[in-house]
Amino acid sequence: MTSTSSLPLALIQLEVPPAIVVERIGEQPRWFIDALDLQPDDYLIVRPHLGESLPQFDQISGAILSGSWAMVTDHAEWSERSAAWVRAAIDAKLPLLGVCYGHQLMAYALGGKVADNPNGWERGLLPLTCKAAMQRDALLSALPERFSAWLSHRQSVIAPPPQAQVLATSEKDPCQILRYSPQALSVQFHPEFSRHIMSACLSPDVSDSVADADIEGADWARQLLMAFWQQTRPQPSQAQGA
């Protein structure tokens, strides 16, 4: 049997964290690499904010668009360029997962509205509620009706794109998971986060409450991330004959 090496997963880093966060826990790609236990050949890091070109679709197996301390509504050049790439990636049926800023960027790129969340800043480990349609989603059907996830965002998807399906909500945000196509979805929460990452990203007064958070049930978000990663992997071919 001939072995064919798989294409790398693109980790699209959208801007950089504050210097104090980088000092504590590194930059966004590191968090996904650790969460998925990726090996060097498994991934490709792309930094549009440094002027790097976004990858050709036939050179990658899929892409994760990271969170950011930037705001989609600032319409930075690198962000608008990434949004145009998202639209083309959707047309090319490339597997895509947007996370936090990446979630908002995907929704904006496809015709949704992003703005400051009128219900305030979501931060910490918070409960999500899944819609009934989740049970019909091939990637997400194993998720329970309610689970907890790490959140930290001031802006939200205020109105999803017309073609998007809302699959989960929270108390302050009605668009926690959006499905755009069989290959593309996005989440407002951070499936790559651990308690340590969450604490490092927040101010000391808030991180104290994170230290006391009950993380039971938070592994479901990580399982969603793992399921997406597996979706980008080549499937073993069926044996010929019986």
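Definitions and limits used
Residues numbered from 1 in each chain as written. Predicted model: local features only at pLDDT ≥ 70, side-chain atom pairs only at ≥ 80, totals over all residues. Heavy atoms only, no water. Pairing = 2+ DSSP bridges. Helix = DSSP H or I, 4+ residues; strand = E, 2+ residues; numbered from the N terminus. Axes fitted to C-alpha atoms, helices over the stretch in contact; angles between N-to-C directions. Contact = heavy atoms within 4.5 Å. Buried < 20%, exposed > 50% of the residue type's maximum accessible area, 1.4 Å probe, protein only.

Looking at an unreviewed UniProt entry, the protein carries the name GMP synthase, with the source organism given as Pantoea septica.

Enquirer: Give me the sheet that holds strand β11 (residues 184–187): which residues, what numbers.
Expert: Read across the sheet, nine strands follow the order β2-β1-β3-β4-β11-β10-β9-β6-β7 without closing on themselves; strand pairing throughout is mixed. Looking along the sheet, the strands with just one partner apiece sit at the ends: β2 (43–46) and β7 (146–153). On average, each strand axis in the sheet is inclined to that of its neighbour by 25 degrees, with strand direction left out of account. Judged from the eight bridges that link them, strand β6 (residues 122–130) and β7 form a sheet pairing that is antiparallel. Note that in β7 the partner of Thr129 across the bridge is Arg146. The strands that helix α3 (residues 77–91) touches are β1 (9–12), β3 (62–65), β4 (96–99) and β11; relative to β4, the one it contacts most, it runs at about 145 degrees.

Enquirer: I'd love a proper account of the pairing of β4, names of residues and values included.
Expert: Neither face of β4 is exposed, since Leu96 and Gly98 on one face and Leu97 and Val99 on the opposite face are all buried. Here β3 pairs with β4 via three bridges, running parallel. Its bridge partner lying in β4, Leu65 is registered against Gly98. Taken together, the four bridges between β4 and β11 define a ladder with parallel strand orientation. Residue pairing for β11: Val99 is matched across the bridge by Val187.

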